[in-house]
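# Architecture at a glance
Okay, here's what each chain looks like letter by letter:
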Amino acid sequence: MSHQQKLAHIVYRSCCRFHRRWTAGSRVRSFSATQAPASETVTAATPQGSSWVPGLLRNAGVRRVVRAGRMVALGVGCYQLGVMQGNEEVILDPEAFLASTQKLVLAQTFGATVQTLSEDSPTTRKVKMVFQRVLTAARSVAREMQNEENEGSYSHKGVECTEKGITSVLRENWRVVVVSSPVPNAFVVPTIPRTVFVSKGLVHAMGSDAGLAYVLAHELAHVLAAHGNQQIASKLLARIGQLLILALIDSSGVLVGAAEVVAYGLGKYGFELPVQRGNEMEADKLAIHINARACYSPSSGPSALKRLHEVGGVGGWAHTHPTTVQRLEQLENEKHSAGEHYDEGCKQIADMWLKSYRYAVPFPGIGRTLHQRRLEQESRKLWDHIDQESDNAPIPDRATDIGDMED
């Protein structure tokens, strides 16, 4: 047993012992107040030399507030112990910690039997090829926000981003993990930094570089805005609110079960899910601009959402994502603004291609054309291989929407 676990055990035993003593004292005071004569009751309640503190603590409302404070303090303490334990595991063996965390996240999302595709798989190669182009565009957006910093505030097209998210996008060693699940899904998680998870079913559902690029840009937009950390904070606040509600309601009646259901519903449907739906709308808005910077048509965003809707993407007040109609309406409004960066993005991509052939071909136009044709041929070959793989892997009727981020 580690020292963090021992400390948690000591805190738990101490809280239980204090609760038993407090309950026993309350019962004794209640018995003496009901059985003793009036004069003795007054004397027992306010003995000579006593302070006002015992009398205050006998108030039912004060006891509930104290109980609420104890429960919240215990919850926060357990959370801090978990963070300490996680930090210790990262320091001792970071690679093993990331591997175990990745295995746990994939098992929770796709099931325990899911497997990752090899680096030589046509699907993995295709996703990596598109991701590098989108990542270059996202870094261009991140550098612009750094140059336009306003007193520590970063924003692009009305979407607030964070310094942590910008730094993460600009760092190297990004990974793309493609899993064998036929369920269309892609996500990032804050506990596994600089890693994008994409399912094989999502690649088959998109069927084009532009659609796949929009999904990847959507995930990088989540990283820029640090939506994963916001969701963790919102879940923590919701749980603290749930503890407060449960502690403030008398636990001796039949209202306990109803109070727990109400507290959970208020936290999830009144706070957590609205925050996540707002994050998805922000990611959509930022993704269409990143996609245009990567020289993909602004129409690729609405097309990708329509494809996902056809294979069963859901959304609404009871889901983590807005409805497809709401998302399409926002993207249609952003298409014109994103189109202004489309030509600029295509020029940057062409210049990048030109650098690869600058010393091999004396004429820039010929070098750009040759490199572009080579990439297009390689892309078509990979899609042909992917189509052959998908012949025996039909896409299920029901699927998750873009960017389901795990806890």
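Since this is a predicted model, take the numbers as computed values, not measurements.

### Digging into the overall build of the protein chain
- A tally of helices and strands in the protein chain yields 14 helices and five strands.
- Burial analysis of the protein chain (407 residues in total) assigns 38% to the buried set.
- Considering only residue pairs separated by 6 or more positions, the protein chain has 74% of its internal contacts joining residues 24 or more positions apart.

### Regarding the packing of helix 9 (residues 209-224) against helix 12 (residues 300-310)
- Running from amino to carboxyl end, helix 9 crosses helix 12 at an angle of 90 degrees, the nearest separation of the two axes being 8 Å. By the angle class used here, helix 9 and helix 12 are roughly perpendicular. Here helix 9 contributes Ala210, Gly211 and Tyr214 to the contact with helix 12, which in turn contributes Ser300, Gly301, Ala304 and Leu305.
- When the residues that make up the contact of helix 9 with helix 12 are grouped by side-chain class, the tally is four nonpolar, three polar and no charged.

### Quick notes on the sheet that holds strand 3 (residues 175-179)
- Reading across from one edge, 3-5-4 is the order of the three strands in this open sheet, with mixed pairing throughout. Each having just a single partner strand, strand 3 and strand 4 (186-187) make up the two edges of the open sheet.
- Strand direction decides the pairing type here: strand 3 and strand 5 (residues 195-199), joined by five bridges, are parallel. Considered in strand 5, the bridge of valine 176 is made with valine 196.

### Some details on the environment of methionine 206
- Relative to the assigned elements, methionine 206 resides in helix 8 (residues 200-206).
- A sequence separation of 99 residues divides methionine 206 from leucine 305, and the C-alpha atoms of the two residues are 9.3 Å apart.
- Setting aside its immediate chain neighbours within four residues, methionine 206 contacts Gly211, Leu212, Val215, Ala304, Arg307 and Leu308.

### Details of the packing of aromatic side chains
- Inspection of every chain in the model, using the stated rule, returns three aromatic pairs.
- Plain terms: the ring middles of phenylalanine 131 and tryptophan 174 are 5.9 Å apart, the flat faces sit at 50 degrees to each other, and that makes the pair tilted. In this pair, phenylalanine 131 sits in helix 6 (residues 122-147) while tryptophan 174 sits in the loop between helix 7 (163-170) and strand 3, placing the two residues 43 residues apart along the sequence. The pair phenylalanine 131 / tryptophan 174 is uniform in exposure class, with both members buried.

### What about the packing of helix 7 against helix 9?
- Relative to each other, helix 7 and helix 9 sit at 130 degrees, their axes nearing to 7 Å. Classed by the angle they form, the pair helix 7 and helix 9 counts as oblique. In this structure, helix 7 uses Gly165, Ile166, Ser168 and Val169 to contact helix 9, whose residues at the interface are Leu220, Val223 and Leu224.
- By residue class, the composition of the contact of helix 7 with helix 9 is five nonpolar, two polar and no charged.

### Here we look at the state of the cysteines
- Tallied over the full model, the rule gives one disulfide.
- Here cysteine 295 is linked by a disulfide to cysteine 346, with a sulfur-sulfur distance of 2.0 Å. Because the sign of the S-S torsion sets the handedness, a value of about 95 degrees for the bond joining cysteine 295 and cysteine 346 places this disulfide among the right-handed ones. Here the residue cysteine 295 occupies a position in the loop between helix 11 (255-293) and helix 12, and cysteine 346 occupies one in helix 13 (residues 324-357), the gap between them amounting to 51 residues.

### A look at the pattern of salt bridges
- For the structure shown, the criterion picks out seven salt bridges.
- In this structure, aspartate 284 and arginine 327 form a salt bridge, with 2.6 Å as the shortest nitrogen-oxygen distance. Of this pair, aspartate 284 sits in helix 11 while arginine 327 sits in helix 13, and the two are 43 residues apart along the sequence. This pair shows no difference in class: aspartate 284 is buried, exactly as arginine 327 is.
- Across the pair glutamate 332 and lysine 335 runs a salt bridge whose closest N-O atoms are separated by 3.7 Å. Here the residue glutamate 332 and the residue lysine 335 both occupy positions in helix 13, the gap between them amounting to three residues, near one helical turn.

### Side note on unusual backbone geometry
- In the Ramachandran plot, lysine 157 falls in the positive-phi region, its phi being about 55 degrees despite a non-glycine side chain.
- The class for lysine 157 is partly exposed, based on a relative accessible area of 30%.
- A positive phi angle, close to 65 degrees, is found at asparagine 173, a residue other than glycine.
- Of note, asparagine 173 is situated in the loop between helix 7 and strand 3.
- On the basis of relative accessibility, which here comes to 67%, the residue asparagine 173 falls in the exposed class.

### Focus: the side chain of arginine 139
- The topology assignment puts arginine 139 in helix 6.
- Since its relative accessible area comes to 13%, arginine 139 is described here as buried.
- Arginine 139 has contacts with Val169, Leu170, Arg171, Glu172 and Trp174, leaving out every residue within four places of it along the chain.

### Considerations on the confidence of the model for the protein chain
- The predicted model of the protein chain averages 75 in pLDDT, with 61% of residues at 70 or higher.
- Across residues 26-34, where pLDDT falls below 50, the model places four contacts with residues more than four positions away in sequence or in other chains.
- In this model residues 38-50 is a low-confidence stretch, pLDDT under 50, and it forms four contacts with partners more than four residues away in sequence or in other chains.

### Looking at the nonpolar core
- In this structure, Leu224 and Ile290 are the most contacted members of the largest nonpolar core, which totals 54 residues.
- Apart from the residues lying within four places of it in its own chain, the contact partners of leucine 224 are Ala142, Met145, Cys161, Thr162, Gly165, Ile166, Val169, Leu286 and Ile290.

### A short note on the environment of valine 134
- As for its position among the elements, valine 134 is in helix 6.
- Along the sequence, valine 134 and alanine 294 sit 160 residues apart, while their C-alpha atoms lie 5.5 Å from each other.
- Setting aside its immediate chain neighbours within four residues, valine 134 contacts Ala213, Leu216, Ala217, Leu220, Ile290, Asn291, Ala294 and Tyr296.

Here is what the cut-offs are and how they apply
Residues numbered from 1 in each chain as written. Predicted model: local features only at pLDDT ≥ 70, side-chain atom pairs only at ≥ 80, totals over all residues. Heavy atoms only, no water. Helix = DSSP H or I, 4+ residues; strand = E, 2+ residues; numbered from the N terminus. Buried < 20%, exposed > 50% of the residue type's maximum accessible area, 1.4 Å probe, protein only. Contact = heavy atoms within 4.5 Å. Axes fitted to C-alpha atoms, helices over the stretch in contact; angles between N-to-C directions. Parallel < 35°, antiparallel > 145°, perpendicular 65-115°, else oblique. Nonpolar A, V, L, I, M, F, W, Y, C, P; charged D, E, K, R; others polar. Pairing = 2+ DSSP bridges. Phe/Tyr/Trp six-rings, centres within 6.5 Å; stacked < 30°, edge-to-face > 60°. Disulfide = S-S within 2.5 Å. Salt bridge = Lys/Arg side-chain N within 4 Å of Asp/Glu carboxyl O. pLDDT = per-residue confidence, 0-100. Core = buried A, V, L, I, M, F, W, Y, C linked by side-chain atoms within 4.5 Å.

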